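Analysis of the macromolecular model
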Amino acid sequence: MVKATVPKPAAGPGSYNSIAAQYARAKAIKDREDAAKASAEKLRKEREGREKTPSERLAERKAVRFKSEWIWVVGAFVWFLCIHASGLYFFTKGFLLTRLVLEEKSSCAIPPVPLASNFKNHGTIEGGCWHPKTFDKAVVVIIDALRYDFTIPFVNETEKQAYHNALPVLYDTALHQPNNALLLPFIADPPTTTLQRLKGLTTGTLPTFIDAGSNFAGEAIAEDNLLMQLRDVGKKIVHLGDDTWTALFPGYFEPNISRAYPSLNVWDLHTLDNGVLEHIFPLLEQKEKKAQWDVMFAHFLGVDHAGHRYGPNHPAMTAKLQQMDTVVRDLMKSLDDDTLLVIMGDHGMDRKGDHGGESEDEVEAALWMYSKKGIFGRTNPSFATPPATAKIRPVNQIDLVPTLALLLGLPIPFNNLGQPIEEVFAGKKGNSWENLANVGRMTAAGIKRYQAAYYQARGIDESTIDGSPNSLWVSAENALAGSSKNKMWREGYNGFSAFQEETLRICRSLWARFDVPSILLGISILVGGIVCLVLFANDNAEDVAAVEDPELDRAERQLELENFSKGIMTDDDETSSRSLVRGALIGTGLGTLAGPAIWIMAKKDGSLLDFGLTVASISGLVGVLYQEMRRRMQLGSPFPTSFWGWMAAVFTISQSIGFASNSYTIWEDSILLFFISTFGFAAAIYSLRIEKVSDRALSVYHSLAFIALGWIASFSKLCREEQMPYCKSTYYASESSSTSAPWQLLIPFVIAGFLPSIIKSYYASSRSYEGFAPIWISWVFRAGLILSAIFWTLDAADDAEWFPQVPKGLLKNLRVPIAQTVFAISIGAGTITYNYAPPCVSIQTIIPPQTDPTKPVKPTVTILGFANTHGSRYLLLVVSILLSLLLVQKPMGAGSLALMTWQIMSLIEILDLLSLTTSPIGPIMLALLASFHFFKTGHQATLSSIQWESAFIPLHTIKYPWSAILVALNTFGAHILAASAVPLTVLWKQNPKKKGLLRSVVTALTWHVLYFSTISLATTMWAGHLRRHLMLYRIFSPKFMSAALMLVMVDFVGIVVALVGFRISRLSVGEVFGWL
């Protein structure tokens, strides 16, 4: 290459800046650049023209085959995900109850039974449809989560809670003005989520469990309901508050005066309530606005949000209840005689402020009714005092529907199952039995009409239903027969009440009819999926770890290279994924072709989509099983062949059997701790067999650390109601709080100080703390942890109002960008770093001192991190994911995940030292850690334990789908971390020359998925078998749902994180070290 020289300018003043000199310099630089480009281009052409060596071509072929094989692997796990989803869908379809919605609607002019006596303008909205109208207007106020004990006085000062005596107006008016007000326990039907409660409060029907998942995406109510009746008779309806109403009743409300506000931001206690207060009183007090509405629904959320955010025993709850007390007093002053005021809770809340289940605290709401007319009465003088507890004289929430309908002169909705509230129709003296009998008869007749229509629509023979209430109807009618003097009004009323209660019991049992064929189909598909998983794992499993022999490796490589040079190709698949996917595709294809014929022969009249999914699932399973039978000359033993294999099997099977017991399910976290401790103890004993003293000591240390870390994590507890009084919650500041204790705020700072150093120590043990690892772990990861700690400190300061002088919302505005920054580091920078960072290795050259001047010195070249190239590279991905998971956990939950991370690092060291990288015990222990730390991060298999506030950590308001993703990260953080770490069980301390890594990763991930698939199958089987059990919806059904979600989550993370992450890591190592 010709070297271009740069001419120097002539000497003399100004010569350097002369035009000629500048031109000469620029031309010289340009010539030099052109010469360099020409030289590089010539070298490139020489390389392209040179024929690649057999070694280079073999490496390229291996890379291409890896990518192709990886695609088949992803296809296999996607198919398993589809099979699991299909099985869970069919089981859920048959198990979670549904109710047929009838299209019939009640009519004002056509009562279900002839009126007992005519009244003025009967059959019209002016006089009353089926009963004389009492009120022209009504204001219905829902104080969300108003638990009954929030409303009654509490005198024991030593046990007083923040919510005691903060809302006295309801009790005081009911006690001192019994004709004007009444206060009663208002019992909700589970699930106690707002959307399902509003359905019951407006239709008078019972919710079914399948509705629980729609609490955040309600569909418009199509069946007959109070608001529909109001709209049909021309009444003007106003809504203020919770926007759930607008989703259920689109187009019902007056557009110019109604105001809906977002309801799911549980961090915000005031915006919605203040919006309601801004508009409700002008509508009541200003004459021109008062004429614009007939019925108003105002839904306050502050009490509910205070419970979710802080728990009931917090000053914020006191302030909210006191605000509601003032609101109620002001509403009473603003009413006229023709307006009815109703204050009620749609549900209660548990001890820490959540709801969704069926515990007593969650279902015991309050109902208060007030009228200046003074129409209320008590049939028993002792009833004048409001009930001291919710166990005394409760009414069902569905009872409000016929009560309001009759008071407003409306027809009772067709699907109603409630009965009129006695105190409302008993008269001031409490002896108006004739009125009670008439309203009871009209309501019971509507229920009887609905029951008959439902039986007909379902094709049910009433004679097959146990406990038919017809005899009660006949006896009640007989009591009212004859002349007016001979009518027994009280007996008739009691008879119609008994008829309603018996019909309600029958309807509950009727809607508890499960679709057994669908349940069995779902279970069968899940069983088939497990069989395929077991066969797939056994196909790819190695009985023992491969022997590391450098001489043998060189000989094999030389032979492989010679055969490749001769054109002899070795095209055996590394895994059996291709065979499995082909079997699934062929089976599904044949099933699709035969589907129409099967549909015709079976004369199916159900859903075509369900039929197609059934055929595709079953035919796919048959295809895979047939393909497996063809590949195998004989079936091997399905039983484990080692002590550790048996331990993995015993842990999985015994836990699956245990879920048949409600007490086992309740105390699952304790059982999991026992399994974890058992493994650690066995590993410590087994470590004593290691010959090398240093390895023996290290293995014992990690085994004991694995046990100790589990016991430390066990101190984080969130107790469920059934565990009382043998469990004490420590996850929050107290058992009645939803906030962290001040000392818990130290946990994120401790994590930031120690966790990066702990991870570094595991890198350093294999001399892998090289390359990008120090920057990412010691600096970036630690910085993200510090920001996370600052976030939770600001959150606590905002919750406890440490700085009252700080403007409202400032702390929120500060911490949201901090959370967004952490996510940007974890997901944004973490993804880019992992994709492009080289392996965590470096080259160290040591030149020894020259001892003999006549001999040349030979430097020693060492590749630091070579022995752990694969593991150290992949661990960067786990650390990035961990940062996001730690942020969305409360301080105690973050502490649990940090301990889990430490346990995972000790686990993979144990697996390496005991040569258990090919054993199923590693992936199974990761699954047990995930299940254990699910409880330690403040969760239970209950709806009320979901930490909804996590949806707003990096957001100011709810945003789909991000809010849902954040809740999933919080709820299943332990499972995401464990599934992401599965490849580490086989990659840790593996050098670039290690063969069969894809096969090993596939096997490990299969064992991991198999555990959750087995647990999900067990919970479905036990829930199906125990579907009449008293604890079905409190224990077995929530456990089935949580296990199903865990299985789907693990399937998804296994594909998107574990497999994709391994592919990136393997290709990165191959680029540096080649495909050896």
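I will try to describe carefully the structure that is included in this document. (Residues numbered from 1 in each chain as written. Predicted model: local features only at pLDDT ≥ 70, side-chain atom pairs only at ≥ 80, totals over all residues. Heavy atoms only, no water.)

Burial within strand S5 (residues 295-300) is extensive, with six of its six residues counted as buried. The side-chain alternation of S5 yields two buried faces, one formed by Val 295, Phe 297 and His 299 and the other by Met 296, Ala 298 and Phe 300. With six bridges joining them, strand S1 (residues 137-143) and S5 adopt parallel strand pairing. Note on S5: the bridge partner recorded for Ile 143 is Phe 300. Sheet topology note: the strand S3 (residues 237-242)/S5 ladder contains five bridges and is parallel. Following the sheet pairing, Gly 241 is matched in S5 by His 299. (Buried < 20%, exposed > 50% of the residue type's maximum accessible area, 1.4 Å probe, protein only. Helix = DSSP H or I, 4+ residues; strand = E, 2+ residues; numbered from the N terminus. Pairing = 2+ DSSP bridges.)

The eight strands lie next to each other as S4-S3-S5-S1-S6-S7-S2-S8, forming an open sheet whose pairing is mixed. On the outer flanks of this sheet lie strand S4 (259-261) and strand S8 (395-396), each paired with one strand and no other. Sheet topology places strand S2 (residues 181-187) next to S8; two bridges connect them, and they run parallel. The residue bridging Ile 187 from the neighbouring strand is Asn 396, located in S8.

What follows covers the packing of aromatic side chains. Each pair of aromatic rings is reported with the distance of its centres and the angle of its planes. Across all of its chains, the model carries 35 aromatic pairs by this definition. Ring centres of Phe 651 and Phe 675 lie 4.7 Å apart, and the angle between their planes is 25 degrees; this geometry places the pair in the stacked category. With Phe 651 in helix H21 (residues 643-658) and Phe 675 in helix H23 (residues 668-687), the pair connects residues that are 24 residues apart, well separated along the chain. Seen from the ring of Phe 135, Lys 373 lies directly overhead, with NZ or CZ sitting 5.0 Å from the centre. One cation-aromatic arrangement involves Arg 1063 over Trp 70; the distance from NZ or CZ to the ring centre is 5.1 Å. (Phe/Tyr/Trp six-rings, centres within 6.5 Å; stacked < 30°, edge-to-face > 60°. Lys NZ or Arg CZ within 6 Å of the ring centre and 35° of its normal.)

With omega at 0 degrees, the peptide bond leading from Met 724 into Pro 725 counts as cis. With respect to the element layout, Pro 725 can be found in the loop between helix H24 (693-713) and helix H25 (746-765). For the bond from Tyr 960 to Pro 961, the omega torsion is 0 degrees, close enough to zero to count as cis. The phi torsion at Arg 393 lies on the positive side, around 50 degrees, for a residue other than glycine.

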